[in-house]
Amino acid sequence: IKYTIVDKETCIACGACGLTCPGIFDYDDEGLAYVTIDHNSGNKEVPESQEDDVLDAYEGCPSNSIKIAEEPFNGNPLKFG
Ligand code: F3S
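What you see is a predicted model; the values in this text were computed from it and never measured.

Peer 1: Looking at this structure, I do not really get the nonpolar core. What am I missing?
Peer 2: Inside soluble globular proteins, nonpolar side chains tend to come together where they are buried. V6, I24, F25 and I66 are the most contacted members of the largest nonpolar core, which has 14 residues in total. Ignoring any residue separated from it by four or fewer positions in sequence, one finds F25 in contact with T4, V6, C17, G18, Y34, V35, T36, V54, A57 and I66.

As structure tokens, this is what we get:
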């Protein structure tokens, strides 16, 4: 994987991703997750050192709100379906 983004429309603020991968995910005032490295645009490459944790967060999200892709998202979590 290279890029990740949170679909804040479907995030249920469960709080798992920030625990699993604190280097990439944090929460806004409402507890909704976002990607910290690029203001949740999904345009900045995830550092290699974070890739395993991002994958764990992706697999652990109960609402499938974490998206991952090999190409930038340009701010659209649904860009790749
Ligand atoms: Fe939201 Fe999923 Fe994280 S529900 S808080 S994006 S684990």
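Peer 1: Hey, could you run me through the environment of E59 in this one?
Peer 2: Relative to the helices and strands, E59 resides in helix α2 (residues 51–60). For E59 and V35, which are 24 residues apart along the polypeptide, the C-alpha to C-alpha distance reads 16 Å.

Peer 1: Please clarify how the side chain of D38 should be interpreted in this entry.
Peer 2: Here D38 shows up in the loop between β3 (33–35) and α2. The buried charged residue D38 lacks any salt bridge, with K44 as its nearest oppositely charged partner at 8.1 Å. At 3.0 Å, the side chain of D38 forms a polar contact with the backbone nitrogen of G42. In contact with D38, other than residues within four places in its own chain, are T4, N43 and K44.

Peer 1: Can you help me understand the pairing of strand β1 (residues 3–6) in this one?
Peer 2: The side chains of a regular strand alternate, residue by residue, between the two faces of the sheet. By the alternation rule, side chains of β1 split into Y3 and I5 and T4 and V6, which are all buried. In terms of strand pairing, β1 meets strand β4 (residues 66–69) through four bridges, oriented antiparallel. Bridged to V6 within β4 is I66.

Cut-off values and rules
- Residues numbered from 1 in each chain as written.
- Predicted model: local features only at pLDDT ≥ 70, side-chain atom pairs only at ≥ 80, totals over all residues.
- Heavy atoms only, no water.
- Core = buried A, V, L, I, M, F, W, Y, C linked by side-chain atoms within 4.5 Å.
- Buried < 20%, exposed > 50% of the residue type's maximum accessible area, 1.4 Å probe, protein only.
- Contact = heavy atoms within 4.5 Å.
- Helix = DSSP H or I, 4+ residues; strand = E, 2+ residues; numbered from the N terminus.
- Lys, Arg positive; Asp, Glu negative; His and termini not counted.
- Salt bridge = Lys/Arg side-chain N within 4 Å of Asp/Glu carboxyl O.
- Polar contact = N/O pair within 3.5 Å; in protein donor to acceptor, adjacent residues only side chain to side chain.
- Pairing = 2+ DSSP bridges.

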